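# What the coordinates show
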Amino acid sequence: MIAIGSDHGGYELKLEVIKHLKDRGIKVKDYGCDSTASCDYPVYAGKVTDAVVSKECELGILICGTGIGMSMAANKVKGIRAALCSDCFSAKATKEHNNANILCMGARTIGPGLALMIVDTFLDTPFSEDERHIRRISMFD
Ligand code: RB5
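### Topic: the site of the ligand
Around the ligand lies a shell formed by Asp7, His8, Tyr41, Cys64, Gly65, Thr66, Gly69 and Arg108. A distance of 2.7 Å is found between an oxygen atom of the ligand and a backbone nitrogen or oxygen belonging to Gly65. Contacts to the ligand include Thr66, whose backbone N or O atom sits 3.0 Å from an oxygen atom. Within the complex, 71% of the 290 Å² of free accessible area of the ligand lies under protein.

### What about the state of the cysteines?
Evaluated as defined, the whole model comprises zero disulfides. Here Cys88 stays unpaired: no disulfide links it, and the sulfur of Cys85, its closest cysteine neighbor, is 9.0 Å away. Considering cysteine sulfurs only, Cys64 is the nearest to Cys104, which forms no disulfide, with 7.4 Å between them.

### Notes on the sheet that holds strand S2 (residues 28-30)
A sheet is described by the order of its strands in space; here five strands give the open sequence S2-S1-S3-S5-S4, paired in parallel fashion. Of all the strands in the sheet, just S2 and strand S4 (82-84) have a single pairing partner and so form its edges. Between one strand axis and the next, the sheet turns by 20° as a mean value, whatever way the strands run. Where strand S3 (residues 59-64) and strand S5 (residues 102-106) come together, five bridges link them in parallel fashion.

Rules of the game
- All residue numbers refer to positions counted from 1 along the written sequence of the respective chain.
- Per-residue local features are limited, in this predicted model, to residues with pLDDT of at least 70; the limit for side-chain atom pairs, both in listing and counting, is 80 or more; totals at the level of whole chains, interfaces and linings are taken over all residues.
- Calculation of side-chain values draws on the structure's entire complement of heavy atoms; hydrogens and water are dropped beforehand.
- Note on definitions. A residue lies near a molecule or strand when any single heavy atom of the residue is within 4 Å of it.
- Any pair of N or O atoms that falls within 3.5 Å is considered a polar contact. Within protein, one atom must be able to donate a hydrogen and the other to accept it, and sequence-neighbouring residues count only if both atoms are side-chain atoms.
- Residue burial considers only the protein chains on display, and all accessible areas are found by Shrake-Rupley using a 1.4 Å probe.
- Any two cysteine sulfur atoms within 2.5 Å of one another count as a disulfide.
- Paired strands, in this sense, are two strands between which DSSP finds at least two bridges.
- To qualify as a helix, a DSSP run of H or I must reach at least 4 residues; to qualify as a strand, a run of E must reach at least 2; elements of each kind are numbered from the N terminus.
- Fitted lines through C-alpha atoms give the axes, limited to the stretch in contact for helices. The angle between two N-to-C directions lies from 0 to 180 degrees.

In structure tokens form, the structure reads like this:
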């Protein structure tokens, strides 16, 4: 199960990502927001990080205007490794090297075509399980 959340700036891209995931047969749980009405992104970052930390969901996706606020808020939470990605190389590398458990994207910085490619790359790339990467990640805590 993938947890997904957005603020108003990311709402429309979130709907496209949800449709894409469902078309791929991937289960997704939407933690809000539910419209383009102005709202506070940390609220939705908190809901998605809770879902990932509690293991209710395996991975999360957070979308706001830039992806920056979401990534800042998400990375305050122990156990969360949120990566703001605007390209597929970063999406692949952050799974392989950082074992990122949340993908953040900016709906105002990338188009929907690229966003869906980034989502696919993130979900389809496994963690390398390399000892040096495990060691570095363990140093976060
Ligand atoms: C909302 O206007 C905007 O600040 C938000 O979506 C995000 O970009 C914050 O980092």
